[in-house]
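In case you want the letters, here they are:
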Amino acid sequence: MSPLESAMSPLLNEKQDNTPRPEVQLRSRNPNWGWGRLSAVFLAVVSGIGIVSHFGHGRIHYGYRPPGSGHQAPSPSEAPEGWTEWSDITPSEKLTWQPCFAIYGDDFQCARLTVPMDYHRPLNESADNPKVHIALVLKPGIKRTDDPSSYSDSPLLLNPGGPGGSGANFALTTAPMIQIAVGRDRDVIGFDPRGVGATTPKADCFAVPDDPFGIAGRNVAYLNRIGWLTSGHDVGIVNSSNVALSKLNARSKALSKLCKRVDETEGDSSILRYSNTPNVARDMLSIVHAWDEWRSASEVRRAKCMQKPESEDERRRADTKIAAKDSTRGKLVYWGFSYGTLLGATFASMFPDKVGRVILDGVVDADHYVGPVLDNAIMDTDAIWEKFFIYCADAGPQCQFSQLGDKPEDVKRRFEDIMSWLEKEPAIVLPPQMNLPILVTASDYKMMIFSSLYAPINGFPTVAILLKALADGQLDKITTVSSPTIFCQNLTLPQWPDDAQKVIGCSDKRYKLNDDLESLQKRFEEMANFSSFADVWMNVGFNLGCNGWDIETKDPPMRWDDNPAHKQEPIETDFPVLFLSNNLDPVTPLRSALKMARKFAGASIVEQKAEGHCTVSCTSLCTIGHIRAYLDQGVLPPAPRFEDEGGWATCQCEERPWKSLHEWSGRVGTETENGVLRGKTAEEAEIMMAYGGLRDRFAEFTTAQQHFEYRGPIQVPRFGSAMFTSVERSTCGKS
């Protein structure tokens, strides 16, 4: 490829409020709020945590952590002040916003929008038709009032990935940073797709009624889920033994049977039949329409109250503004990450005239996604891991796994020796806080390493710490665990776990996976030709997890595939789609973005020279500039060339592992070691720091999954003590 030279697109001027702001302070070396550089890990047998998800990762449980509170969890006796229970928000077919989650900020608004579960059975036909109540979180832009017309024509709708990611939780933790990065005057909404998180009904195959001892059914279901996941830990990853694939396949089929029983009980009102991606795209259109109606109602009321009728010139100006070609009113403005790109592409193909601004970041190959397994997604994974040895050797003593004078091959040889030893015999860990032994296996470490590839800037320093601790036999000295007795109470979690990734991913398959063990082994061997991490990737929810899935979705999956009979001319959207991709991404390679961009007329693409999942995994003012120009002005990067060697816009990442924004302390303009912020204005530095915070939250999303879904004992801080409980029960015993 011969990429087009792309200078950094300018950071466009934005509307500013008049609030005085302090001089920009750079993050300290050990920040209280943020993932940052880790100095310790947790090993845990059981822990309670909330929920989000990410592409290629199952249930990521990401729980309540009060901003700025360090590692301390709230009191187990009560929910903290400023918390909101979604069940206290009344669902409505119209957007009805109410203040919520003050613990994250003073101006968050929440709503539960009621939409049809089955769009072929609309709500206006019968009150008995099944419904879905979509959970939404709104972070208003600056200068908003009680008048809905003061809000933007179209909010920026977010989806963090999955399938199964909680956009509501993502907005609570990232919206303020996103507004600093892309403009404080932008309204931001995160929503939980149907079946996910706080949206009801949930795609929960473990759901049970309350038990006779006073423990709520959702707590019983949670404990059952934890037990099921923990029981699979010793199986390991696909090739950890000669029986691992067989056992993992059996476990996947067992969970599918459990889901089938729930589905049969619910019948035609089963959310498991209506959770595929096209239905979520329809829900997004419902959100667009509901937002437009909410704002328009205010305009109608104001017009009726006007004493003086509008002049002909005023009416003409108003009509021109609404009908302007670049207006996004009544259209989708969207930023989707990872699986969120598949969702965004699906929306754009179903409703091309409703595309206002659509950014697809970390792009899923839709053609392969609907197939039996998504095997080629990991074609760049090994190349990213090889970078660890280079970065570690270059970092010298900053990389805790390096030794004096190390070259990359020395670091790699030491790693291979340690892993070889761990494959022969698991490490025994005795946590000082609990009289319970823990076995740490090679599978645990490989899962942890795979997670680090999603965000190497954060992940690689953590891997180095863990490898050093393992090599020195020091794991037991830096561990802490949660007591399993915490599950003997009625818990309160921000969001409860579900099976949305499996349900959505399997429902989306146009070509079902229904293989015997021999065929599965062959598929695994073919996948291993792409990457040595095939043993991790094979077992994700929409790969092996879909073998034998027999709950039929009521709407057919999208016709995304390579069958020549299904090929079509590029889709003409009302406004061109913007694709973003790192040049090395562990599960959504650049090749997928280039392929998907060809499916949409006029689409453009930015390639960010970085490693990690989605461009948000690294800070680049150039990339941020392109995003701002697209959202604010409708300006796209230069049109890509796909013929010959090809060419498209490129941006450089301004960080790398051990040379990131986290290495800084002091003020803007201070001469420092790595120069990430040297020469930047205060505004640019603030934007970069906000984007770095967004990267950190994204890293938390992707890393937390490894502990919960796999139930491996290796766990990073921030996730180990993230629950709080009620006082209804304090023991497991009968009252």
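Residues numbered from 1 in each chain as written. Predicted model: local features only at pLDDT ≥ 70, side-chain atom pairs only at ≥ 80, totals over all residues. Heavy atoms only, no water.

The secondary structure content of the chain amounts to 17 helices and 18 strands. For the chain, the proportion of its 735 residues judged to be buried stands at 61%. Residue pairs in contact within the chain that sit at least 24 positions apart in sequence constitute 79% of those at least 6 positions apart. Surface accessibility of the chain: about 28,800 Å² in total, with carbon and sulfur atoms responsible for 50%. (Helix = DSSP H or I, 4+ residues; strand = E, 2+ residues; numbered from the N terminus. Buried < 20%, exposed > 50% of the residue type's maximum accessible area, 1.4 Å probe, protein only. Contact = heavy atoms within 4.5 Å. Areas by Shrake-Rupley, 256 points an atom, 1.4 Å probe, with all protein chains shown as cover.)

Before going further, it helps to examine the pairing of strand β14 (residues 578-584). Where burial is concerned, most of β14 is hidden: six out of the seven residues are buried. Both strand β10 (residues 355-361) and β14 contribute to a ladder of three bridges, which runs parallel. In the strand pairing of β14, Ile-359 is matched with Leu-578. Summarising the sheet, β14 and strand β15 (residues 604-611) pair through six bridges and their orientation is parallel. Of the residues in β15, the one forming a bridge with Ser-581 is Glu-607. (Pairing = 2+ DSSP bridges.)

By size, the foremost hydrophobic cluster in this structure holds 130 residues, and its most contacted members are Trp-385, Phe-388, Phe-401, Tyr-445, Trp-537 and Phe-579. If one sorts the elements of this core by residue count, helix α4 (residues 277-305) sits on top with nine residues. If you look at the next biggest cluster of nonpolar residues, it comprises 54 residues, including Trp-83, Ile-89, Ile-178 and Leu-677. (Core = buried A, V, L, I, M, F, W, Y, C linked by side-chain atoms within 4.5 Å.)

Attention now moves to the sheet that holds strand β6 (residues 131-139). The strands making up a sheet associate through backbone hydrogen bonding, with each pair oriented either parallel or antiparallel. Reading across the sheet, the ten strands line up as β4-β5-β6-β8-β7-β9-β10-β14-β15-β16 and stay open at both edges, with mixed pairing between neighbours. Taken across any chain shown, the strands that pair with only one partner, and hence form the sheet edges, are β4 (98-99) and β16 (649-652). As judged from the six bridges shared by strand β9 (residues 332-337) and β10, these two strands associate in the parallel manner. What sits directly across from Val-333, in β10, is Arg-357. Across the sheet, helix α1 (residues 167-182) is in contact with β6, β7 (156-159), β8 (188-191) and β9; its angle to β8 comes to roughly 160°. Strands β14 and β15 of the sheet are contacted by helix α15 (residues 590-597), whose axis makes an angle of about 155° with β14. (Axes fitted to C-alpha atoms, helices over the stretch in contact; angles between N-to-C directions.)

In this section: unusual backbone geometry. A cis amide bond links Gly-162 to the next residue, Pro-163, at an omega of 0°. Take Pro-163: it is sitting in the loop between β7 and α1. Of the consecutive residues Thr-200 and Pro-201, the connecting peptide bond is found in the cis state with omega at -5°. By the secondary structure assignment, Pro-201 is in the loop between β8 and α2 (217-231). Residue Phe-101 is not a glycine yet carries a positive backbone phi of 45°. Here Phe-101 is to be found in the loop between β4 and β5 (109-116).

Applying the stated criterion to the full structure yields 33 salt bridges. Between Arg-282 and Asp-555 there is a salt bridge; the shortest N-O distance is 3.9 Å. Linking Arg-282 in helix α4 with Asp-555 in the loop between α14 (534-537) and β14, this pair joins segments that are 273 residues apart in sequence. Linking Lys-609 and Glu-607 is a salt bridge whose minimum nitrogen-to-oxygen distance equals 3.0 Å. (Salt bridge = Lys/Arg side-chain N within 4 Å of Asp/Glu carboxyl O.)

Let us look at the packing of helix α10 (residues 442-452) against helix α11 (residues 456-471). At a closest axis distance of 8 Å, the pairing of α10 and α11 adopts a crossing angle of 155°. Here α11 runs roughly antiparallel to α10, going by the angle between their axes. Here α10 contributes Tyr-445, Met-448, Ile-449 and Ser-452 to the contact with α11, which in turn contributes Pro-456, Gly-459, Phe-460, Val-463, Leu-466, Leu-467 and Leu-470. A class-by-class count of the residues in the contact of α10 with α11 yields nine nonpolar, two polar and no charged. (Parallel < 35°, antiparallel > 145°, perpendicular 65-115°, else oblique. Nonpolar A, V, L, I, M, F, W, Y, C, P; charged D, E, K, R; others polar.)

Such a bond, covalent and formed between the sulfur atoms of two cysteines, is termed a disulfide. What the rule picks out here adds up to six disulfides. With a sulfur-sulfur separation of 2.0 Å, Cys-100 is cross-linked through a disulfide to Cys-110. Its torsion about the S-S bond being 75°, the disulfide of Cys-100 and Cys-110 is classed as right-handed. Taken as a pair, Cys-100 in the loop between β4 and β5 and Cys-110 in strand β5 lie far apart in primary sequence, ten residues in all. For the pair Cys-100 and Cys-110, one class covers both residues: buried. (Disulfide = S-S within 2.5 Å.)

Across the chain, the average pLDDT comes to 82, with 76% of residues at 70 or higher. Confidence over residues 314-324 falls short of pLDDT 50; this stretch has five contacts with residues more than four positions distant or in other chains. (pLDDT = per-residue confidence, 0-100.)

Another point: the pairing of β16. Examined bridge by bridge, β15 and β16 share four bridges and lie parallel to one another. In the sheet register, Val-606 faces β16, and the bridge partner there is Ala-649. Read as a crossover between parallel neighbours, the route from β15 over helix α16 (residues 621-633) to β16 is left-handed. (Right-handed = clockwise from strand over helix to strand, strands pointing away.)

Attention shifts here to the side chain of Thr-346. Mapped onto the fold, Thr-346 is located in helix α6 (residues 339-350). Judged by relative accessible area, Thr-346 falls into the buried class, the value being 1%. Look past the residues within four positions of Thr-346 in its chain and what remains in contact with it is Thr-277, Pro-278, Ala-281, Met-558 and Trp-560.

Below, the discussion takes up helix α9 (residues 408-424). The first and last C-alpha atoms of α9 sit 25 Å apart over 17 residues, in line with the 24 Å expected at 1.5 Å per residue. Lining the buried residues of α9 we find α8 (381-395), β11 (427-429), β12 (438-440), α10 and α11. (Expected span 1.5 Å × (residues − 1).)

One full turn of an α-helix is made of 3.6 residues, so residues set three or four places apart face in the same direction. Taking 1.5 Å per residue as the helical rise, helix α3 (residues 244-266) with its 23 residues ought to reach 33 Å, and the 33 Å between its terminal C-alpha atoms agrees with that figure. For α3, the complete set of buried residues consists of Ala-244, Leu-245, Leu-248, Asn-249, Arg-251, Ser-252, Leu-255, Ser-256, Cys-259 and Asp-263. Residues of α3 that are buried sit in contact with α2, α12 (500-507) and α13 (517-528). Gly-267 sits one or two positions beyond α3 and adopts a positive phi of about 65°.

Relative orientation of the contacting elements α9 and α10 amounts to 140°, with a least axis distance of 8 Å. Compared by their axis directions, α9 and α10 come out oblique. Taking contact as the criterion, the partners of Phe-415, Met-419, Leu-422 and Glu-423 in α9 are, on α10, Ala-442, Tyr-445, Lys-446 and Ile-449.

Take the packing of aromatic side chains next. The final tally for this structure, using the stated rule, is 30 aromatic pairs. An angle of 50° between the planes, with centres 5.8 Å apart, marks the rings of Phe-389 and Phe-415 as tilted. A residue pair is termed long-range when its members are at least 10 positions apart, and Phe-389 in helix α8 and Phe-415 in helix α9 qualify at 26 residues. A ring pair is formed by Phe-450 and Tyr-454, whose centres lie 5.7 Å apart and whose planes are at 70°; its orientation type is edge-to-face. When its relative accessible area of 1% is taken as the criterion, Tyr-454 is described as buried. In this structure an aromatic cluster arises from ring pairing among Tyr-339, Tyr-369, Phe-450, Tyr-454, Phe-533, Trp-537 and Phe-542. Between the NZ or CZ atom of Arg-144 and the centre of the ring of Tyr-151, over which it lies, the distance is 5.7 Å. Above the face of the Trp-228 ring, Arg-251 is positioned so that its terminal group lies 3.8 Å from the ring centre. (Phe/Tyr/Trp six-rings, centres within 6.5 Å; stacked < 30°, edge-to-face > 60°. Lys NZ or Arg CZ within 6 Å of the ring centre and 35° of its normal.)

Let us now look at the environment of Leu-113. Mapped onto the fold, Leu-113 is located in strand β5. Overall, Leu-113 belongs to the buried group, its relative accessible area being 1%. Put simply, Leu-113 and Asp-283 are 170 residues apart on the chain and 9.5 Å apart in space, counted from C-alpha to C-alpha. Leu-113 has contacts with Ser-92, Glu-93, Lys-94, Leu-95, Val-132, His-133, Ile-134, Leu-136, Ser-286, Ile-287 and Ala-290, leaving out every residue within four places of it along the chain.

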